[in-house]
Each structure stands twice: as C-alpha cells, then as structure tokens.
Amino acid sequence: MRNMLKRKTKFLLSALLSVSFLLTGCTPEEKTLLLPMITSSGEESEEADSAKDFTVKKIYTYTYETDDSLGKSAFLQNCGENELLILARNEEGPEGSLVYRQVDYRYGFYDTLGQFQPFWDFWFHPSEEESKEDIYLDRMIPSPDGSQLLLYVRSAFWNTYFVWLYSMDSQEPLLLYEGSPHANPPDKNSSDTEVKLLGSFSESGRWVTFDAAGATCEDEYYIPIFDCQKAHSDGREPAQDTAEDTELSYVYPPDQKLYAPKVDMDSLYTAMLYDRPDSAGLICFGRDSNGLFVTQDYSEPPNASEADMSKAYSYPCVHKGTILEEDGRMRYLHYRYHLKENSIYYLETPISLSCKDMATLETVDRHQDFPNLVWDFLPLDSGDLLAVLVQEQKAEEMMSATGMNIDTYIFSETSFLTAVQDYWNILSADLYLYPEGETEGHLLYKNLQNLISIEYDAANRRILLETSEGQFSSRRKCIILEL
C-alpha cells in the first residue's frame, strides 16, 4: 500500500513538472537576427525592379454620390496608404452641398475634412425683378487633391460672371473676378463674343488661375495667377473700369502676372498651369491655318506699362502644324504634360501616341502605336505608360465619330473622357501597361465603363480608376488597383 502511494506521488509530481514545462514553452520569446550590411546584387536588382512590377495584387471598389457637374471627384494626391480623398454629396445639407472626405477604402471608414455649401443666394439678395433661378453655378473645377474649388457662377439677370476660390478648410470664399461674360472689349471685327474663362490649377495645387487666356485683363493683357498657399484677405475692392466704354469689372490683385502677346481668342484651344520652382508657368494650345500648335512660358516684363506687348515678349512655340495637322487624322486634342521630363504626350491619331520635348521643341523618340482606339493614357515617371484601350463600341455607329463636338467639353459640365466616350460611342475598354521600350501591352484590368479619370500613386503603388455607374454621372465608383 505504501509503495502504491509513493508511485502515485511520483506520477503526480512528474505530471506537474510536464505541465510547467509546457506552459513555459507557450510564452513568446523575442529574438534578434543580425543581417549583413552588404546586400547581394540580386537583391539590389529586385528592389530596383519593384517599381516596374505592375502585377495587380488587390482590387478594391468604393461607391458614393457626388455633384454631376464635377468631372473628377476622387483623388490619391496627398493620401496615405489605403486612403482616398473624395468630394461626396452632403445628404444632410442643402442642395448642391458637398463634403470633403478621407476614406479608408478597405472598410469604408471615413473622416470629414471639410464641406462646401452654395453661398451665392445669400450673397446676392435678389431684387423683386430677379429670382434665385437667375443665379446658377456654371462650372466647378477641383484642385488636384480636391481640397479647393474654382467656382464659376452666372447671373442671367445682371449678365455678370462671378468666380470664387473656395477652400474646404475655410468658410470664406475669395472673390477673384466679377464682370461681364462678354469680351472686354469685344473684337472690333466680330460680334460681341463670350469670354473664354479657362480655369486651371497647377499639378501641385499651389497655383491657380481663373483666366488662362487673359481675357478679363485686356488693358495690360496678362494672366492673373494666385498662390493657394498664401493667406488672402477676403475684403473686396471697388469694381475697376478695365477699358474705355466698357462695363465695370473687378479682378482680385494677383500674386503673379504672366504677360504675353495678344492671342486671338478664337484661335485659343485650351491652356494649363504647371509648377516652376517658385512660380507658375503656362502652356497654351492654339489654332492656326496649319493646325494645332503649343506655346510655353509667358514671362513678366520688367515694365509692363511701357512695353510693346506685340513685339517684346514673344514666347517659344512648337513647330506650328506638327501637333495636330489639319489632315483629318485626329479631330480633337488629347494630351498629358509630364513635368519631370518637361514634355507633352499627345495622341497624333486615335491609335498612336507622340511626344515633344518642350525645352528643345523637338519630337522625342517615344512614339507608341496601339491596336485599338485610345480612350485615355498616362505617362509615368518610370518611363512606362498606362493606356485605356477601347474594346467595344455601339456597332451601328462604330468609328463614325458622330457624337458631340469634343471642343465643347472645356466650357461645359461634362468631363473630357465623357466627351470622348460620346464621340466614339464607347461601351467598354481595358487597362493596359506598356513597359518602356516595349510595343506589347500587359493587361491590368478588364471591362471599364463610363471612365471619368485615371490617377497613379507611385509612392503607394496604386492606380485609381474613377467611373460613373450607368448613365447617372452623380453616382461614382472608384476602382483601386494595388500593385
């Protein structure tokens, strides 16, 4: 009996010791592994090639409602990993109001960073003869990250244009312009014509102009540029008479003026700002008898009041007629400016891409042919190219180009890619990557419909495809491809 108790006691002690060892083994133990300071050439090669790897690893989608007068409403610029900035409709606010949101597209969580509400009804105080319907939003242009809006408002009763700069982090809009919507003064050789107020932000979002053609400053003929990083007073100065025998107009004092020889308004196609080290530059596309040409870098004269504006300040221009010749091969301008290269990529035909170096005005050896119509394209800093190629069109009108005149998109509420879609009757397209120096594309995404914009985030290796759902342009779907 005693021996049996001893055996049981030994057994229990052994079992307790085993359990103790097992519990100790479950405790995680931190370990440090020292790596060599020198990596192999193979590892260095893998790191260098990672920026060239466009394998789609994850696909996310995010849908929301926005204002149908907006073209692009989703943005990757200034976003962190897994984040997206959007301008969404504010369902709880008055009609036309928006909220500026930072969205985690993996889970749908968001933070509201700012909001926009129509303010002009309260600003105008319409008279008995004038109704609120006489005052309306004509156009709305967002900055590259969506944090600011350039607002073009028309008063039909007073026949007046108003342009405001609105920042999402401020409830005080800045009035940039008030004046007649007609040329000031109109061309003596033509009938009274509408002013072409071309608005543009630079790629960084720092610089903005509401009038890239200089149409509102006929006396001096300059392009007014505003620094969005600078604090501006919201005080309004009295309206100023900009020319004899014309209506009074007001222009907020600009932070920079770009002067140039006078351009025939009818010859101007479009214009855009770009970033220089401490100022803004301007690129203009115009028409002449040969076709479309491009100009760059208007400059500020040392003494504008005494300058002969017709002779003293000429500007470099690409060989006229070599951008798009009047030969019927390409019926509209589709281009991208590449800041790092200081070059213009443009469609020479609907299925071929060309490039011009803006410094030398020479054609660059970046020609690319495609097997299908190009809906959109995006040159990357890596030298590679993203291209959206049309796969399906309306059969009865295929390649007929019977849609709307694409020129009208500049002054309408329609985004450029929507105008291209209508022009070619596009039903669907696929996204391809064309590696630098290669002629064959690699498929990244199939069956894109109703494309609004495309954006690439090199830092976080993402592609953003903003689309509209069905025929309702206010219903947006963002497709995010993580590489």
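Residues numbered from 1 in each chain as written. Predicted model: local features only at pLDDT ≥ 70, side-chain atom pairs only at ≥ 80, totals over all residues. Heavy atoms only, no water.

**Quick notes on the overall build of the chain**
When its secondary structure is counted, the chain shows four helices and 30 strands. Here the chain holds 483 residues, and the buried ones make up 49% of them. Contacts spanning at least 24 positions in sequence make up 50% of the contacts within the chain whose residues lie at least 6 apart. Taken as a whole, the chain presents about 25300 Å² of accessible surface, with 50% of it coming from carbon and sulfur. (Helix = DSSP H or I, 4+ residues; strand = E, 2+ residues; numbered from the N terminus. Buried < 20%, exposed > 50% of the residue type's maximum accessible area, 1.4 Å probe, protein only. Contact = heavy atoms within 4.5 Å. Areas by Shrake-Rupley, 256 points an atom, 1.4 Å probe, with all protein chains shown as cover.)

**Some words on the sheet that holds strand S14 (residues 256-259)**
Either a parallel or an antiparallel arrangement is found when strands of a sheet pair, and the pairing is made through backbone hydrogen bonds. The antiparallel open sheet is built from four strands, whose spatial order is S10-S11-S12-S14. Each end of this open sheet is capped by a strand with a single partner; those strands are strand S10 (200-201) and S14. Sheet analysis places strand S11 (residues 207-209) next to strand S12 (residues 222-227), joined by two bridges and oriented antiparallel. Across the sheet, valine 208 pairs through a bridge with phenylalanine 226, a residue of S12. (Pairing = 2+ DSSP bridges.)

**Focus: the packing of aromatic side chains**
The tally for this structure, following the rule as stated, stands at 18 aromatic pairs. Taken together, the aromatic side chains of Phe116, Phe119, Phe162, Trp164 and Tyr166 make up a single cluster linked through ring pairs. The lysine or arginine in question, arginine 139, covers the ring of tyrosine 152, its NZ or CZ lying 4.0 Å from the ring centre. (Phe/Tyr/Trp six-rings, centres within 6.5 Å; stacked < 30°, edge-to-face > 60°. Lys NZ or Arg CZ within 6 Å of the ring centre and 35° of its normal.)

**Digging into the pattern of salt bridges**
Enumeration according to the criterion identifies 14 salt bridges in this entry. For arginine 89, the salt bridge identified is with glutamate 65, shortest N-O distance 3.9 Å. Note that arginine 89 is positioned in strand S3 (residues 83-89) and glutamate 65 in strand S1 (residues 58-65), a separation of 24 residues in sequence. Overall, the relative accessible area of 33% leaves arginine 89 in the partly exposed class. For glutamate 65, a relative accessible area of 23% puts it in the partly exposed group. Between arginine 106 and aspartate 104 there is a salt bridge whose closest N-O contact spans 2.8 Å. Of the residues examined, arginine 106 reaches a relative accessible area of 35% and is grouped as partly exposed. (Salt bridge = Lys/Arg side-chain N within 4 Å of Asp/Glu carboxyl O.)

**Describing the nonpolar core**
Among the nonpolar cores identified, the biggest contains 54 residues, and Trp375, Leu386, Leu431, Ile463 and Leu465 are the most heavily contacted of them. Setting aside anything within four residues of it in sequence, one finds leucine 431 in contact with Leu386, Ala387, Val388, His442, Leu443, Leu444, Tyr445, Leu448, Ile454, Ile463, Leu465 and Leu481. Cys79, Phe116, Leu165 and Tyr166 belong to the second-largest nonpolar core, a separate cluster that totals 41 residues. (Core = buried A, V, L, I, M, F, W, Y, C linked by side-chain atoms within 4.5 Å.)

**With respect to the environment of aspartate 53**
For aspartate 53, the position within the fold is in the loop between helix H2 (41-50) and S1. Dropping the residues within four chain positions of it, aspartate 53 is found in contact with Arg461 and Leu483. A distance of 2.7 Å separates a polar atom in the side chain of aspartate 53 from a polar atom in the side chain of threonine 55. (Polar contact = N/O pair within 3.5 Å; in protein donor to acceptor, adjacent residues only side chain to side chain.)

**Observations concerning the sheet that holds S3**
Judged by pairing direction, the sheet is antiparallel, and its four strands sit side by side in the order S2-S3-S4-S5 without closing on themselves. With one partner strand each, in any of the chains shown, strand S2 (74-75) and strand S5 (109-116) form the two edges of the open sheet.

**A word on the environment of leucine 389**
Relative to the elements of secondary structure, leucine 389 occurs in strand S25 (residues 385-393). Leaving out residues up to four positions away in the same chain, leucine 389 has contacts with Phe370, Pro371, Asn372, Leu373, Val374, Ala429, Asp430, Tyr432 and Tyr434.

**Section: the pairing of strand S4 (residues 98-104)**
Of all seven residues in S4, six are buried, a share of seventy percent or more. Strand direction decides the pairing type here: S3 and S4, joined by seven bridges, are antiparallel. Note on S4: the bridge partner recorded for isoleucine 86 is arginine 101. Across seven bridges, the pairing between S4 and S5 is antiparallel. By the bridge assignment for S5, valine 103 is matched with tyrosine 110. Between S4 and S5, which pair antiparallel one after the other, the connecting turn spans four residues, and glycine 108 there sits at a positive phi close to 85 degrees.

**What about the confidence of the model for the chain?**
With 65% of its residues at a pLDDT of 70 or more, the chain has an overall mean of 76. Looking at the elements of the chain, mean pLDDT is at its lowest for helix H1 (residues 2-26), recorded as 46, and at its highest for strand S24 (residues 374-379), recorded as 97. Between residues 237-246, whose pLDDT stays under 50, and residues either more than four places distant or in other chains, the model counts 20 contacts. Note that residues 398-404 has pLDDT below 50 and, in this model, 17 contacts with residues that lie over four places away or in other chains. (pLDDT = per-residue confidence, 0-100.)

**Considerations on unusual backbone geometry**
Even without being a glycine, asparagine 78 presents a positive backbone phi close to 65 degrees. Relative to the assigned elements, asparagine 78 resides in the loop between S2 and S3. A residue is classified by how much of its surface remains accessible, and asparagine 78, at 59% relative accessible area, is exposed. For asparagine 342, which is not glycine, the phi torsion reads 50 degrees and is therefore positive. Following the sequence through the fold, asparagine 342 ends up in the loop between strand S19 (335-338) and strand S20 (343-349).

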